[in-house]
Every structure is written in structure tokens, then in C-alpha cells.
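# Structural features, examined
Residues per chain, in single letters:
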Amino acid sequence: MKKILIIGIGAGNPDYITMQAVKALNQVDVFFILDKGPAKEKLTRLRKDICEQYITDPNYRVVEATLPERDRHQPDYDQAVGDLNDAKQALFAQLIRDEVAEDQCGAFLVWGDPSLYDSTIRILDGILAADGPVFEYDVIPGITSVQALTARHKVPLNQIGRAVEITTGRRLLRGMPEGVDSVVVMLDNNNAWRQLPDADLSIYWGAYIGTPDEILISGKLAEVGEEIERVRTAAREANGWIMDTYLLRRES
Ligand SMILES: C[S@@+](CC[C@H](N)C(=O)[O-])C[C@H]1O[C@@H](n2cnc3c(N)ncnc32)[C@H](O)[C@@H]1O
């Protein structure tokens, strides 16, 4: 039977790789390296560096493909996401069918951890539920950008005995979630925190965390908000893309 591994590689620093991931990397015959957009080149390079650094027998293949992107002209967001997932599922099924022999192991190297804002697990379940190629799969956890952010800022994720919410910039535009005082925001293209009344909120912001380009800023939103916006815009212009995450906290 074909075997597929979904390997979390951590969110930026090759040292975030776990021992379990190293053992998994060394079982793989063919790696699928899939990225998209302006960051593609850098993220692909990091995945190849990880393979070169941690795999002892270089007798493996790498298959690169460009991930399809959401149609930004489609007015119905849910429809656009559904279409995107269908396109990704077709691509993944084709790769597994054509590139992995019956007794071989293929792997998807997932940024951070495969359970957090990543569709690989859902896509493989979709292929198995449909009439796609037959395989078994395992998931190897990785260090998420949330853990990387809190470690670099030396801050606990939650306040004592309190809840945490992880959300997207798109959802934060509707306001600070009710009933939580610690909110992690990912996938924010629009500086959604600017919409919030900032009187008692602190922010722990990080871009390109774990990489040589890492930028960290923290403080009261009212005091550091403008600086984050300025630094973020400049970094995005300089690199052509940005990848940032932040923790918003209402101190108790
Ligand atoms: C599609 S999600 C993938 C999350 C990933 N699976 C994880 O475990 O962190 C991409 C988002 O993760 C966040 N992110 C990933 N890596 C990051 C990094 N090194 N620095 C800052 N944010 C990062 C950003 O919010 C980015 O928009």
C-alpha cells in the first residue's frame, strides 16, 4: 500500500524540526513541495534545505508544483474557497497516483503544524472518501507560528485559567471576540487590529518569525500600533510578501 506522511516542519527556523519529523523525513521516497505566490521561492528553498540538512541517504526525489490560488474576483467567498479546495484535491490525487509507487512513501512538508490553518489533512481525507488513489497516511506534528511567536516574545499564550482564541484577520474585522482576553490573529492582510478600540489592549507582533528576517514588536496597542503598521508596510515592500502573526491581550 502507498504510504503518505504529512510532516509539520515548523514555522520558519529549520531548528524547529522535531526528532519525530527527522525520522519521518528519512523514510520518504518522494517529497511534494507545494507553494504559491510571491513567497514561493523562499519557502520552497527552506523545505529543500531541511531535506538536505536532515536526510542521511540522498536517494529521494522532489516533485515541485504550484498550489492553485483562491479566485479573488469570485464575490462569494465560500464558493471561492470550495473551488480552491476542489482544485487542490485534484492536484494532490494526481501527485499521489502518478508519483508514488505501490510500496513507496510520499510526503507533504507542511509549514508549521498540519492541524492549524492548513488543508492537507482535509484534502487527503477527501481523496480517500472519493474514488481517488488508495493509501494510508500519518501526521507528524510541527511547531506552529503561534508557539514560535510566544517563545520569541517570552510570553505565555493564556492568562492563568483563561481561554485563548485563534482567529483570522478577516474575522477580527468584526471586532474583538467575546469572552476571551487572549486572541491570536493569523492570515491578516489588512492590519485588522487597527479597527479595535485600543485602550487596554497589548499586542505581541511577529513577522517572518524564526527566519533571518524576523521582526518582533510588542507593547500597548495605542503606543506601538503605528510603528507596527510602518514596519510591516516597509518589510512587505522590501521582501515582496509578508507572513505575520500577533497575540492581542487584555491584561486582567
Ligand atoms: C496558512 S497559515 C499556516 C499556519 C501554519 N500551519 C502554522 O502552524 O503556523 C499561514 C499563516 O501563518 C502565520 N505564519 C506562519 N509562519 C509564520 C512565521 N514564520 N512568522 C509569522 N507568522 C507566520 C501567518 O499568519 C500566515 O498568514
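Quick notes on the rules
Sequence order as written defines the numbering, with residues in each chain counted from 1. Totals for whole chains, interfaces and linings use every residue, but because this is a predicted model, local features are given only for residues with pLDDT of at least 70 and side-chain atom pairs only at 80 or more, for both listing and counting. Here the side-chain values reflect all heavy atoms present in the structure, with hydrogen atoms and water set aside. UniProt positions are given in the numbering used here, feature names are shortened, and annotations may be inferred rather than shown by experiment. Put simply, buried Ala, Val, Leu, Ile, Met, Phe, Trp, Tyr and Cys residues joined by side-chain atoms within 4.5 Å make one nonpolar core. Burial status follows relative accessibility: with a 1.4 Å probe on protein chains alone, a residue under 20% of its type maximum counts as buried, one over 50% as exposed, and anything between as partly exposed. Secondary structure follows DSSP: runs of H or I at least 4 residues long count as helices, runs of E at least 2 residues long count as strands, and numbering of each begins at the N terminus. Boundaries of every domain are those given by an automatic assignment or by a domain database. If even one non-hydrogen atom of a residue comes within 4 Å of a molecule or strand, that residue is called near it. Nitrogen and oxygen atoms within 3.5 Å of one another constitute a polar contact, given that in protein one can donate a hydrogen and the other can accept it, and given that sequence-neighbouring residues count only through two side-chain atoms. Throughout, the Shrake-Rupley method with a 1.4 Å probe supplies accessible areas, and for residues the shown protein chains are the sole cover considered. Amino acids outside the nonpolar list (Ala, Val, Leu, Ile, Met, Phe, Trp, Tyr, Cys, Pro) and the charged list (Asp, Glu, Lys, Arg) are all regarded as polar, and Gly is one of them.

The chain has the name Precorrin-6A synthase in an unreviewed UniProt entry, where Silvimonas terrae is given as its organism. UniProt lists a comment for the chain under the heading Pathway (unreviewed entry), and it reads "Cofactor biosynthesis; adenosylcobalamin biosynthesis."

Among the nonpolar cores identified, the biggest contains 46 residues, and Ile7, Phe31, Trp193, Ile203, Tyr246 and Leu248 are the most heavily contacted of them. At the level of elements, strand 1 (2–8), helix 1 (19–25), helix 2 (40–54), strand 4 (105–110), strand 7 (182–186), strand 8 (201–207), helix 7 (221–239) and strand 10 (244–250) are the ones that each hand at least two residues to this core. Ranked by residues supplied to this core, first place goes to helix 2 with five residues. When residues of this core are sorted by domain, at least three fall in each of domain 1 (2–143) and domain 2 (146–250).

In the vicinity of the ligand, 16 residues are found, and the nearest of them are Ala11, Trp111, Ser145, Asp244 and Thr245. Between the ligand and serine 145, the relevant distance is 2.6 Å, taken from an oxygen atom to a side-chain nitrogen or oxygen of the residue. Surface burial for the ligand is 88%, taken as the share of its 570 Å² of free accessible area covered by protein chains. For the shell around the ligand, the per-class residue count stands at nine nonpolar, five polar and two charged. When residues of the shell around the ligand are assigned to domains, at least three map to each of domain 1 (2–143) and domain 2 (146–250).

Turning to unusual backbone geometry, a few remarks are in order. Positive phi is not limited to glycine here, since tyrosine 117 has a value of about 45°. If you trace the backbone, tyrosine 117 turns up in the loop between strand 4 and helix 4 (120–129). Positive phi, close to 50°, is recorded for tyrosine 208, a residue that is not glycine. Tracing the sequence through the fold places tyrosine 208 in the loop between strand 8 and strand 9 (215–220).

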